[in-house]
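Survey of secondary and tertiary structure
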Amino acid sequence: MKIALIIACIGHIICGITDCMLAYMKNGRFEFSDVKDNKKMQKVFEGASLKQIELAMLIGVFALFMTAFGYIGVSKLICENSPAVGYIMLGASVFFIVLIAAHHVLCGATEWFYVRLGRTGDALEAIMDFFKRTSPAAIAYAGLLVFDILLFVMVVTGKTFIPRWACVFNTLPAFLILAPTKIPAKGNIANAFMFLGLAVLL
């Protein structure tokens, strides 16, 4: 179990790095609000490396599947006390991992095509249309939310052998603390914190 949790922690750290590879270009950080102004987009993505974007997509998917070890491990742990809840968490985590991997690639693809098509106004319009049409993949976060809420409730109510105070080792409180900051890859940091804390505890 401990090894599975550590692998998941490392997976989220690596995925966080790939998120930064998609956010930080040669000329600065890409903010989603930049899509409203193609001049800002052109400046940020000037000289952007297609290789960097490609590696971010591919490595990110591999890293996300590394995290599956942790989600499945925690779900099996909860199954020992509540099979119904454990299986719901398992289904939610699989839902999250599969769709978030697709979402990660689709986000990278929008950047790749924007750069490859010359960073023109038409290119921006095309990639935004593509992004809007594929954005439903972001529903993946609903699976993560279900997993985190159920884990928090099971621990804080004392329905597992994990001490109640360990409910802090959860993505939700960690993300709420990080949300107001400008730290990149907040979600991956919060998830890595959860798995690292559980690995130390267990």
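The structure this text deals with has already been given above.
Residues numbered from 1 in each chain as written. Predicted model: local features only at pLDDT ≥ 70, side-chain atom pairs only at ≥ 80, totals over all residues. Heavy atoms only, no water.

Points about the side chain of Thr160
Looking at the element boundaries, Thr160 is found in the loop between helix 6 (140–156) and helix 7 (171–178). One polar contact links the side chain of Thr160 to the main-chain amide nitrogen of Ile162, over a distance of 3.1 Å. Not counting residues within four places of it along the chain, the set of residues in contact with Thr160 comprises Ile78, Asn81, Met154 and Val155. (Helix = DSSP H or I, 4+ residues; strand = E, 2+ residues; numbered from the N terminus. Polar contact = N/O pair within 3.5 Å; in protein donor to acceptor, adjacent residues only side chain to side chain. Contact = heavy atoms within 4.5 Å.)

Quick word on the pattern of salt bridges
The final tally for this structure, using the stated rule, is two salt bridges. Linking Glu31 and Arg29 is a salt bridge whose minimum nitrogen-to-oxygen distance equals 3.5 Å. Residue classification places Glu31 among the partly exposed residues on the basis of a relative accessible area of 37%. With its nearest N and O atoms 3.1 Å apart, the salt bridge here joins Arg133 to Asp129. Of this pair, Arg133 and Asp129 both sit in helix 5 (residues 121–134), four residues apart, roughly one helical turn. (Salt bridge = Lys/Arg side-chain N within 4 Å of Asp/Glu carboxyl O. Buried < 20%, exposed > 50% of the residue type's maximum accessible area, 1.4 Å probe, protein only.)

Notes on the packing of aromatic side chains
Counting across every chain of the model gives ten aromatic pairs. Between Tyr71 and Phe96, the ring centres sit 5.8 Å apart and the planes meet at 65°, which makes this aromatic pair edge-to-face. Here Phe96 lies in helix 4 (residues 83–116) and Tyr71 lies in helix 3 (residues 50–79), a separation of 25 residues in the sequence. By the burial criterion, Tyr71 is buried, and Phe96 matches it. On the numbers, 6.0 Å between centres and 70° between planes, the contact of Trp165 with Phe169 is edge-to-face. By relative accessible area, which is 54% here, Trp165 ends up exposed. Classification of Phe169 as buried rests on a relative accessible area of 16%. The rings of Tyr71, Phe96, Tyr141, Phe147 and Phe195 are connected pair by pair, giving a single aromatic cluster. (Phe/Tyr/Trp six-rings, centres within 6.5 Å; stacked < 30°, edge-to-face > 60°.)

Take it as geometry only, folks, not as evidence of what the structure does.
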